[in-house]
Amino acid sequence: MTSTSHPSTSPWHLAQRAARLNPSVIREILKVTEQPGILSLAGGLPSPDAFPIEAMREASERVLRDHPREALQYAASEGYGPLRDWVAEHLKTQGLAVQASQVLITTGSQQGLDLVAKVLVDPGAPVAVETPTYLGALQAFSPFEPRFIPVDSDEQGARPESLRSLSMHAPAGRFFYVLPNYQNPTGRVMGEARRVALVEAAEQCGVPLVEDNPYGDLWYDAPPPPALSGRWAEGSVYLGSFSKVLAPGLRLGYVVAPPALYPKLLQAKQAADLHTPGYNQRIVHAVIADGFLDRHLPTVRARYKAQRDAMQQALTRHLPAGTRWQPPQGGMFFWLTLPDGCDALALLPQAVEAGVAYVPGAAFYADHADTRTLRLSFVTLSPEQIDAAVALLGGVLRRHLER
């Protein structure tokens, strides 16, 4: 009996770049965690208990009362002027001396990654990334067909000597994407000496920096050192976000770019969505204009630090010998390396069946993934739930190692 293949009846012919669009591993895992009874350590979600709901409600009422027509109308592609002014002033605390004219308000910092790639990446162009790096950046860059070049990293972040090796590539690299503060996924923070050496290496090999800083305000004991971008202004793009300090549902971020690059990013923004919702921008500015974050962030830091401590205790108590991690000094994540013989992706179904979810670390590598790694988020569960979740994970690992 012969079979007859039937060609697709779809009239759609996808662009070649569409083949490089892949579902987010994290988003797919989050669907699983919606099942009743799952304790999720997977999503990089800020705690909803930290959302300033009443402040948002009051700001929304004030914006609709005082400037309803302007808030609901089309707006400037660059962003709401007073909010851009606030960002430029705020960044002085990060060691950045920038003008408001360099600030582009984006629909989440994820859009900033997309705009940077659209403007800077050609097919086959080398783009340097940390090992490991933020999965969402790999997703944003991939449709533009870069050639990813992993930069070796240690507990302090990217190693300058590895970045210098980019000079052997022709061209040396369109940019180096780096998260120096409480990195996603590892939680590591780059020290002052490493920052100085890394910027020197970038300048020497002519590789601009794309510095992503969504977690820098979520420090626990001391703020991180000044930004990389303040040390090489003309060779750096800086990305920030309001998602982790206020609420991600607003989808509000920003890009700070040197004057030579800003116009093209603005044009890419105009082509993408005309402008970020002006209503959201006005609400956020109404909330933060009077110094609200200075009052709000200490409570968020205290909450997250207590949850960090709870996870550190739970990991020490429940995980098998040979599991390695470093307690983060800020941010939202623990990065674990499991004992030899463990594959975090292969073990995930068993973990979900046991009632706990995490993100396998392999998704965060541009190349040569360490399959023993995984990421745990600790800010959305209570200390009691964290202990229970880690106990379940420890049980899965021990049963696997015993077999």
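Up top you'll find the structure we're talking about.
Fair warning: this is a prediction, and the values are worked out from it, not measured in the lab. (Residues numbered from 1 in each chain as written. Predicted model: local features only at pLDDT ≥ 70, side-chain atom pairs only at ≥ 80, totals over all residues. Heavy atoms only, no water.)

## What about the sheet that holds strand β13 (residues 359-360)?
Taken in spatial order, the 3 strands of this open sheet run β11-β14-β13, and their pairing is antiparallel. The open sheet has two edge strands, β11 (333-337) and β13, and neither has a second partner. Looking at chain direction, β11 and strand β14 (residues 373-377) are connected through 5 bridges and run antiparallel. Bridge assignment links Leu336 to a residue of β14, and that residue is Leu374. This element, helix α11 (residues 292-318), spans β11 and β14 of the sheet and lies at about 20° to β11. (Pairing = 2+ DSSP bridges. Helix = DSSP H or I, 4+ residues; strand = E, 2+ residues; numbered from the N terminus. Contact = heavy atoms within 4.5 Å. Axes fitted to C-alpha atoms, helices over the stretch in contact; angles between N-to-C directions.)

## Some thoughts on unusual backbone geometry
Across the junction of Thr131 and Pro132, the peptide omega takes the value -10°, indicating a cis bond. Mapping Pro132 onto the fold places it in the loop between β3 (126-130) and α6 (135-141). Between Asn184 and the following residue, Pro185, the backbone shows a cis peptide bond with an omega angle of 25°. Secondary-structure assignment places Pro185 in the loop between β7 (175-178) and α8 (192-205). The backbone of Tyr182 shows a phi angle near 55°, a positive value even though the residue is not glycine. Inspection of the secondary structure puts Tyr182 in the loop between β7 and α8. One non-glycine residue, His368, adopts positive backbone phi at about 50°. Inspection of the secondary structure puts His368 in the loop between β13 and β14.

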